[in-house]
Amino acid sequence: MSSARWALTESGILIDPSPSCRENPGMAFAERRRLFVMVIVMLIISLIVGAVFSLILYNASTKREEQQLDSLVKNNVQMIEAMIRSHLLHINNASAPDAVPAILRNALGAHIENITFGESGEFMLGTRSGENIVFLTKLRKTTTGENPAIPWHNHLSTPMRRAISGESGISTGIDYRGESVLAAFTPIRGTSWGAVVKIDLAEIRKPFIRAMLLGAAISIVIIFAGAVLLKRIGDPILRQLQKLWLAVEQSASLIMITDAAGGIEYVNPTFTEITGYTIGEIAGRQPALFKSGQTTNEEYAALWRTILEGHKWRGEFCNRKKSGDLFWVWTSIIPLKDDDGRITHFLTIQEDITELKRIQYELTRSNTELEHFAYIVSHDLQEPLRMVASYTQLLARRYTDRLDQTANEFIEFAVNGANRMQMLIDNLLQYARIARTDQKFEKVDLNSVLEDVKTNLKLAIEESRAEIFSENLPVVNADKPQISRLFQNLISNAIKFRGDRTPLVKIEAQKRGYEWLFSVEDNGIGMESTDKIFVIFQRSKNSEKYPGSGIGLAVCKKIVERHGGKIWVESVPDHGSKVYFTLPEKT
């Protein structure tokens, strides 16, 4: 994972927003260097793109210029040839073409001198005279005002030499000034002359160079302005990305991201540390790599149905490390969707609960042994205690009139003690049976449960004139007999500990995330302390004058915990109590 971190950091995505980082000159310099490099890279790319674009336009313009030069030279040469033929006919071919009178040359020169275009464009006529090239028309760009004689074998005036030699075409070359030009050239038929139309390459390139320089300047301004704007706008976004990245990378949870088909694309360092696999070993592979065989195919199928429908899935897995060791994780799998609602990836967040599972197993084993011991002891004590109680009561009936007052009191104490012991053992057996039940969970309508409880408590409700209010209660997955006992214990307590008031009991249910929160509120005597209220056989001080063994709320706690919930009490003495408990949406 360090390589991924390095890549993000070096690319400038991770910019530490913390004050300590800002105050660190080295970090500040690194951040400025990253911004500078980014600007330079963007500038180079912009210049390259601009240069390529300008080169394309320049080539297109050169082609167009070539066509214009070619057309110009051909049209004017045709006209010159017509003038020469007309002159020769006029003088009855008395003279050769090379002996064209000065008056004709002057006419041609006047015509050609008017053919100008651009700053350097020029139409020229020339011929060979001995070992020199002689220009027949006045040149536009001479420095002395006189036409120079160019040696025939000199590199100067290449286009004219080719035209005089009988060649036609378009090419770049060197003119009489030594300048690079684009020229169209052709010979004049019936003469030893050549015609050239040329324009400086520098003049063709000039607008493109100017445009490229202007574009570069504009690009520099735009890029620098964009960089500053990007830094101001992008810094908060980059800081948020950095926080998210660091949160994932440094999280104590195992985090995995897969594609829509389940192929692993990313895992964080905690994942690799716990599983023992490197990112290279698991990239592109399926999470089935970690299967331990303790999860059934049906459970996996249900998982995939849930997440492919776009819902979150939560549950436990027993996975296998690279070493072969097993470990337990609490897993949440979240589908990630694009703007169109299509699932693109799955995010898996896992908590290592191996140690928790070990402790849970030890506690479960200990509790099972204790419950088994309590059940056996309670069951085995039943018969001798029943015998003690029976013979004590028999003694009281037969010898009450024969014993003195003190002996009768002792017998009464023994009978009461035996009866109380019998009640405590019965309660202890009931408490132990809660975890030993084989009753399976089912869909339970709590409104129906509440009506059954009211029927069971009908006599107490009528005697106390209690009023019970409830909202529409949900349907939950539960052990119906135990849930019935839970509500019956809580409502019975609310009626019993009413004081001198008419009991008012209010039952509410509220959906909270993936669980239901229930409350049973009364207007009774309340409690001075709730610290040990759920401990078996413990009672609050202000409830000692009421009958009972102190097992009711302990049973409630045991039932709620068996269903995967929690229970607690809020109470103020003489202002009633409010018992809260939760039940998972799916148990």
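Notes on the structure follow.

What counts, and where the lines are drawn
- Residues numbered from 1 in each chain as written.
- Predicted model: local features only at pLDDT ≥ 70, side-chain atom pairs only at ≥ 80, totals over all residues.
- Heavy atoms only, no water.
- Axes fitted to C-alpha atoms, helices over the stretch in contact; angles between N-to-C directions.
- Helix = DSSP H or I, 4+ residues; strand = E, 2+ residues; numbered from the N terminus.
- Parallel < 35°, antiparallel > 145°, perpendicular 65-115°, else oblique.
- Left-handed = near helix turned anticlockwise from the far one by under 90°.
- Contact = heavy atoms within 4.5 Å.
- Pairing = 2+ DSSP bridges.
- Core = buried A, V, L, I, M, F, W, Y, C linked by side-chain atoms within 4.5 Å.
- Buried < 20%, exposed > 50% of the residue type's maximum accessible area, 1.4 Å probe, protein only.
- Patch = residues over 30% accessible without salt bridge, like charges linked within 9 Å, V, L, I, M, F, W, Y side chains within 5 Å.
- Areas by Shrake-Rupley, 256 points an atom, 1.4 Å probe, with all protein chains shown as cover.
- Salt bridge = Lys/Arg side-chain N within 4 Å of Asp/Glu carboxyl O.
- Nonpolar A, V, L, I, M, F, W, Y, C, P; charged D, E, K, R; others polar.

1. Things to note about the packing of helix α12 (residues 446-456) against helix α14 (residues 480-496)
Helix packing for two helices is described by the angle between their axes and how far apart those axes are.
Then step 1. Interaxial distance between α12 and α14 falls to 9 Å at its minimum, and their mutual angle equals 55°. Relative to α14, the element α12 is oriented oblique. Crossing of α12 over α14 shows right-handed handedness. Across the interface between the two elements, Leu-446, Val-449, Leu-450, Asp-452, Val-453 and Asn-456 from α12 touch Lys-480, Ile-483, Ser-484, Phe-487, Gln-488 and Ile-491 from α14.

2. Remarks on the sheet that holds strand β13 (residues 467-470)
Then step 1. Taken in spatial order, the five strands of this open sheet run β13-β15-β16-β18-β17, and their pairing is mixed. Each of the sheet's edge strands pairs with one partner strand only, and the pair in question is β13 and β17 (567-571). If you compare each strand with its neighbour and ignore which way they point, the axes differ by 15° on average.
Then step 2. As paired strands, β17 and strand β18 (residues 577-584) are joined by five bridges and run antiparallel to one another. If you follow Ser-571 over to β18, its bridge partner there is Ser-577.
Then step 3. Packed on one face of the sheet, α14 meets β13, β15 (504-512), β16 (515-521) and β18 and runs near 170° to β18.

3. Regarding the nonpolar core
Then step 1. By size, the foremost hydrophobic cluster in this structure holds 39 residues, and its most contacted members are Leu-446, Phe-487, Ile-507, Phe-518 and Phe-581.
Then step 2. Broken down by secondary-structure element, the contributors of at least two residues to this core are α12, β14 (475-478), α14, β15, β16, α15 (552-562), β17 and β18.
Then step 3. In terms of residue count, α14 provides more of this core than any other element does, seven residues in total.
Then step 4. Sequence-distant contacts of Phe-581, that is, excluding residues within four places in its chain, are made with Leu-486, Phe-487, Leu-490, Trp-516, Leu-517, Phe-518, Val-520, Val-560, Lys-566 and Ile-567.

4. Concerning α15
Then step 1. Buried residues of α15: Leu-553, Ala-554, Val-555, Cys-556, Lys-558, Ile-559 and Val-560, and no others.
Then step 2. Looking one or two residues beyond α15, the residue adopting positive phi is Gly-564, at roughly 85°.

5. Details of a nonpolar patch on the surface
Then step 1. On the surface, Val-37, Val-41, Ile-45 and Val-49 cluster together to form a nonpolar patch covering roughly 330 Å² of accessible area.
Then step 2. Within the secondary structure layout, Ile-45 lies in helix α3 (residues 25-90).

6. Examining unusual backbone geometry
Then step 1. Unusually for a residue other than glycine, Ser-157 sits at a positive phi of about 55°.
Then step 2. Along the chain, the position of Ser-157 falls in the loop between β3 (150-151) and α5 (158-164).
Then step 3. The phi dihedral of Arg-465 is positive, around 55°, even though this residue is not glycine.
Then step 4. Following the sequence through the fold, Arg-465 ends up in the loop between α13 (458-464) and β13.

7. Comments concerning the packing of α14 against α15
Then step 1. Taken N-terminus to C-terminus, the directions of α14 and α15 make an angle of 145°; their axes are 9 Å apart at the nearest point. Once α14 is placed against α15, the crossing between them reads as left-handed. The segment α14 lies against α15, with Gln-482, Arg-485, Leu-486, Asn-489, Leu-490 and Asn-493 engaging Gly-552, Leu-553, Val-555, Cys-556, Ile-559, Val-560 and Arg-562.
Then step 2. Considering only residue class, the contact of α14 with α15 consists of seven nonpolar, four polar and two charged.

8. Structural notes on the environment of Glu-81
Then step 1. The residue Glu-81 is located in helix α3 in this model.
Then step 2. For the pair Glu-81 and Arg-189, spaced 108 residues apart in sequence, the C-alpha separation works out to 6.9 Å.
Then step 3. Beyond its immediate sequence surroundings of up to four residues, Glu-81 is in contact with Pro-187, Ile-188 and Arg-189.

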